[in-house]
Amino acid sequence: MDAKQTGYEDCKTLRRLYLPFILDFDSESMSEVFRQTFGRQDGVKQEWVIEDTIGNWWRPNFEPPQYPYVPPHITKPKEHKRLFLVQLQEKALFAVPKNYKLVAAPLFELYDNSQGYGPIISSLPQSLCRFNFIYM
(Lines give C-alpha, C1' and ligand atoms only; values in the text may rest on other atoms or scores of the structure.)
Protein backbone atom coordinates (compact mmCIF):
# COMPACT_ATOMS: atom_id res chain seq x y z
CA MET A 1 0.00 0.00 0.00
CA ASP A 2 1.37 3.36 -1.02
CA ALA A 3 1.41 6.37 1.32
CA LYS A 4 -0.39 8.41 -1.35
CA GLN A 5 -3.20 5.83 -1.59
CA THR A 6 -3.91 5.85 2.15
CA GLY A 7 -3.92 9.60 2.42
CA TYR A 8 -1.06 9.62 4.94
CA GLU A 9 1.98 11.48 3.65
CA ASP A 10 4.03 10.99 6.78
CA CYS A 11 5.81 7.62 7.18
CA LYS A 12 5.83 8.00 10.96
CA THR A 13 2.04 8.10 10.91
CA LEU A 14 1.98 4.88 8.87
CA ARG A 15 4.37 3.18 11.30
CA ARG A 16 2.28 4.31 14.26
CA LEU A 17 -0.88 2.93 12.64
CA TYR A 18 0.56 -0.41 11.53
CA LEU A 19 2.87 -1.18 14.47
CA PRO A 20 0.06 -2.63 16.67
CA PHE A 21 -0.89 -5.04 13.87
CA ILE A 22 2.52 -6.71 13.66
CA LEU A 23 1.71 -9.90 15.50
CA ASP A 24 4.11 -12.43 14.01
CA PHE A 25 7.55 -10.90 13.85
CA ASP A 26 11.11 -11.90 13.29
CA SER A 27 13.97 -10.15 15.00
CA GLU A 28 15.21 -8.40 11.86
CA SER A 29 11.88 -6.86 10.86
CA MET A 30 11.16 -5.65 14.40
CA SER A 31 14.70 -4.25 14.68
CA GLU A 32 14.02 -2.25 11.53
CA VAL A 33 10.71 -0.96 12.93
CA PHE A 34 12.45 0.05 16.17
CA ARG A 35 15.29 1.68 14.23
CA GLN A 36 12.88 3.74 12.12
CA THR A 37 10.51 4.64 14.95
CA PHE A 38 12.82 5.19 17.92
CA GLY A 39 16.18 5.58 16.21
CA ARG A 40 18.41 8.59 16.34
CA GLN A 41 17.74 11.34 13.85
CA ASP A 42 21.33 12.62 13.64
CA GLY A 43 22.49 9.84 11.31
CA VAL A 44 24.27 7.68 13.90
CA LYS A 45 23.55 4.00 13.23
CA GLN A 46 21.94 2.30 16.21
CA GLU A 47 21.40 -1.45 16.56
CA TRP A 48 18.33 -2.74 18.34
CA VAL A 49 18.66 -6.31 19.61
CA ILE A 50 15.19 -7.62 20.42
CA GLU A 51 15.54 -10.57 22.77
CA ASP A 52 11.95 -11.63 23.39
CA THR A 53 8.34 -10.60 23.88
CA ILE A 54 7.75 -10.26 27.62
CA GLY A 55 4.08 -9.38 27.67
CA ASN A 56 0.85 -8.80 25.82
CA TRP A 57 -1.91 -6.53 27.11
CA TRP A 58 -5.34 -6.03 25.58
CA ARG A 59 -7.95 -3.31 25.97
CA PRO A 60 -11.35 -4.84 25.14
CA ASN A 61 -13.17 -1.52 24.64
CA PHE A 62 -12.50 2.20 24.84
CA GLU A 63 -12.43 2.26 28.65
CA PRO A 64 -9.17 2.45 30.67
CA PRO A 65 -8.84 -1.14 32.02
CA GLN A 66 -6.32 -3.37 30.23
CA TYR A 67 -5.87 -7.08 30.75
CA PRO A 68 -3.01 -9.55 30.20
CA TYR A 69 -5.48 -11.78 28.32
CA VAL A 70 -8.33 -11.34 25.88
CA PRO A 71 -11.59 -11.68 27.86
CA PRO A 72 -13.66 -14.61 26.54
CA HIS A 73 -16.62 -12.47 25.50
CA ILE A 74 -14.44 -10.15 23.32
CA THR A 75 -13.91 -11.12 19.68
CA LYS A 76 -12.07 -8.00 18.48
CA PRO A 77 -10.13 -6.10 21.18
CA LYS A 78 -9.72 -2.36 20.56
CA GLU A 79 -6.02 -2.26 21.49
CA HIS A 80 -3.11 -4.70 21.77
CA LYS A 81 0.13 -3.66 23.48
CA ARG A 82 3.27 -5.79 23.25
CA LEU A 83 6.19 -5.42 25.62
CA PHE A 84 9.61 -6.31 24.22
CA LEU A 85 12.88 -7.05 25.98
CA VAL A 86 15.43 -4.97 24.05
CA GLN A 87 19.16 -5.21 24.70
CA LEU A 88 20.79 -1.79 24.78
CA GLN A 89 24.23 -1.02 23.44
CA GLU A 90 27.09 -0.24 25.77
CA LYS A 91 26.33 3.47 25.40
CA ALA A 92 22.77 4.60 24.82
CA LEU A 93 21.10 7.97 24.43
CA PHE A 94 17.64 8.50 25.93
CA ALA A 95 15.68 11.38 24.44
CA VAL A 96 12.82 12.33 26.74
CA PRO A 97 10.26 15.00 25.81
CA LYS A 98 10.10 18.01 28.12
CA ASN A 99 6.63 17.10 29.41
CA TYR A 100 7.82 13.58 30.43
CA LYS A 101 10.08 12.50 33.26
CA LEU A 102 12.55 9.59 33.02
CA VAL A 103 12.57 7.62 36.27
CA ALA A 104 15.03 4.84 37.13
CA ALA A 105 12.97 2.67 39.45
CA PRO A 106 14.31 -0.60 40.88
CA LEU A 107 12.23 -3.72 40.25
CA PHE A 108 11.42 -4.15 43.95
CA GLU A 109 9.71 -0.75 43.90
CA LEU A 110 7.61 -1.70 40.87
CA TYR A 111 6.52 -5.04 42.34
CA ASP A 112 2.89 -4.98 43.52
CA ASN A 113 2.69 -1.18 43.18
CA SER A 114 -0.05 -0.72 40.59
CA GLN A 115 -1.31 2.38 42.42
CA GLY A 116 1.95 4.20 41.72
CA TYR A 117 2.97 2.80 38.33
CA GLY A 118 -0.14 1.24 36.80
CA PRO A 119 -0.90 -2.41 36.07
CA ILE A 120 1.44 -2.86 33.10
CA ILE A 121 4.62 -1.42 34.60
CA SER A 122 3.98 -2.97 38.02
CA SER A 123 3.78 -6.40 36.36
CA LEU A 124 7.30 -6.10 34.89
CA PRO A 125 9.02 -7.96 37.79
CA GLN A 126 6.76 -10.99 37.23
CA SER A 127 7.32 -10.83 33.47
CA LEU A 128 11.10 -10.51 33.79
CA CYS A 129 11.52 -13.30 36.38
CA ARG A 130 12.08 -15.91 33.66
CA PHE A 131 15.24 -14.17 32.46
CA ASN A 132 18.67 -14.43 34.02
CA PHE A 133 20.43 -11.05 33.93
CA ILE A 134 24.22 -10.87 33.96
CA TYR A 135 25.50 -7.61 35.43
CA MET A 136 28.98 -6.42 34.51
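Owing to the predicted nature of the structure, the values given are computational and were not obtained by experimental measurement.

J.: Mind laying out the overall build of the protein, listing which residues take part and the relevant values?
T.: A count of helices and strands for the protein gives six helices and two strands. Reading the protein from its N terminus to its C terminus gives the helix and strand order α-α-α-β-β-α-α-α. Residue pairs at least 24 apart in sequence account for 44% of intrachain contacts in the protein once pairs closer than 6 positions are excluded. When the accessible surface of the protein is totalled, it reaches about 11,000 Å², and 57% of it is carbon and sulfur.

J.: Talk me through a nonpolar patch on the surface; I want residue IDs and the actual numbers.
T.: Taken together, the side chains of L88, F94, V96, Y100 and L102 present a nonpolar region at the surface, about 560 Å² in accessible area. The residue L102 is located in the loop between β2 (79–87) and α4 (107–110) in this model. Taking the relative accessible area as the measure of exposure, L102 reaches 57% and is therefore exposed.

J.: Describe the packing of aromatic side chains, listing the residues and the values that go with them.
T.: Following the criterion strictly, the structure yields two aromatic pairs and no others. Where Y67 meets Y69, the ring centres are 5.7 Å apart and the plane angle is 40 degrees; that geometry is what we call tilted. Considering the side-chain rings of F131 and F133, the 6.5 Å spacing of their centres and the 50 degrees angle between planes classify their relative orientation as tilted. Under the relative-accessibility criterion, F133 is labelled partly exposed at 36%.

J.: Got a sec to walk through empty space enclosed by the protein? Specific residues and values, please.
T.: Per the stated rule, a full pass over the model turns up one cavity of 30 Å³ or more. The computed volume of the largest cavity comes to approximately 50 Å³. Lining the largest cavity are Q46, E47, W48, V86, Q87, L88, Q89, K91 and A92. Partitioned by chemical class, the residues of the lining of the largest cavity number four nonpolar, three polar and two charged.

J.: Explain the nonpolar core residue by residue, including any values.
T.: In terms of nonpolar packing, the biggest core is built from six residues, these being I54, W57, L83, L85, I120 and L128. Residue assignment for this core shows that the elements contributing at least two residues are β1 (49–59) and β2.

J.: I'd like a description of the pattern of salt bridges, backed by residues and values.
T.: The tally for this structure, following the rule as stated, stands at two salt bridges. Across the pair D52 and R130 runs a salt bridge whose closest N-O atoms are separated by 3.4 Å. Taken together, the positions of D52 in strand β1 and R130 in the segment after α6 (124–128) put the pair 78 residues apart, joining distant regions of the chain. Using a relative accessible area of 53% as the deciding quantity, one classes R130 as exposed.

J.: So what about unusual backbone geometry? Which residues, and what values?
T.: In this model, D112 sits at a positive phi of 55 degrees, which is unusual for a non-glycine residue. Along the chain, the position of D112 falls in the loop between α4 and α5 (114–122).

How each quantity is defined
Residues numbered from 1 in each chain as written. Predicted model: local features only at pLDDT ≥ 70, side-chain atom pairs only at ≥ 80, totals over all residues. Heavy atoms only, no water. Helix = DSSP H or I, 4+ residues; strand = E, 2+ residues; numbered from the N terminus. Contact = heavy atoms within 4.5 Å. Areas by Shrake-Rupley, 256 points an atom, 1.4 Å probe, with all protein chains shown as cover. Patch = residues over 30% accessible without salt bridge, like charges linked within 9 Å, V, L, I, M, F, W, Y side chains within 5 Å. Salt bridge = Lys/Arg side-chain N within 4 Å of Asp/Glu carboxyl O. Buried < 20%, exposed > 50% of the residue type's maximum accessible area, 1.4 Å probe, protein only. Phe/Tyr/Trp six-rings, centres within 6.5 Å; stacked < 30°, edge-to-face > 60°. 1 Å grid on protein atoms, 1.4 Å probe; cavity = no way out; pocket = protein on both sides within 12 Å on 5 of 7 lines; lining within 4 Å. Points joined across faces, edges and corners; volume = space filled by probe spheres on them. Nonpolar A, V, L, I, M, F, W, Y, C, P; charged D, E, K, R; others polar. Core = buried A, V, L, I, M, F, W, Y, C linked by side-chain atoms within 4.5 Å.

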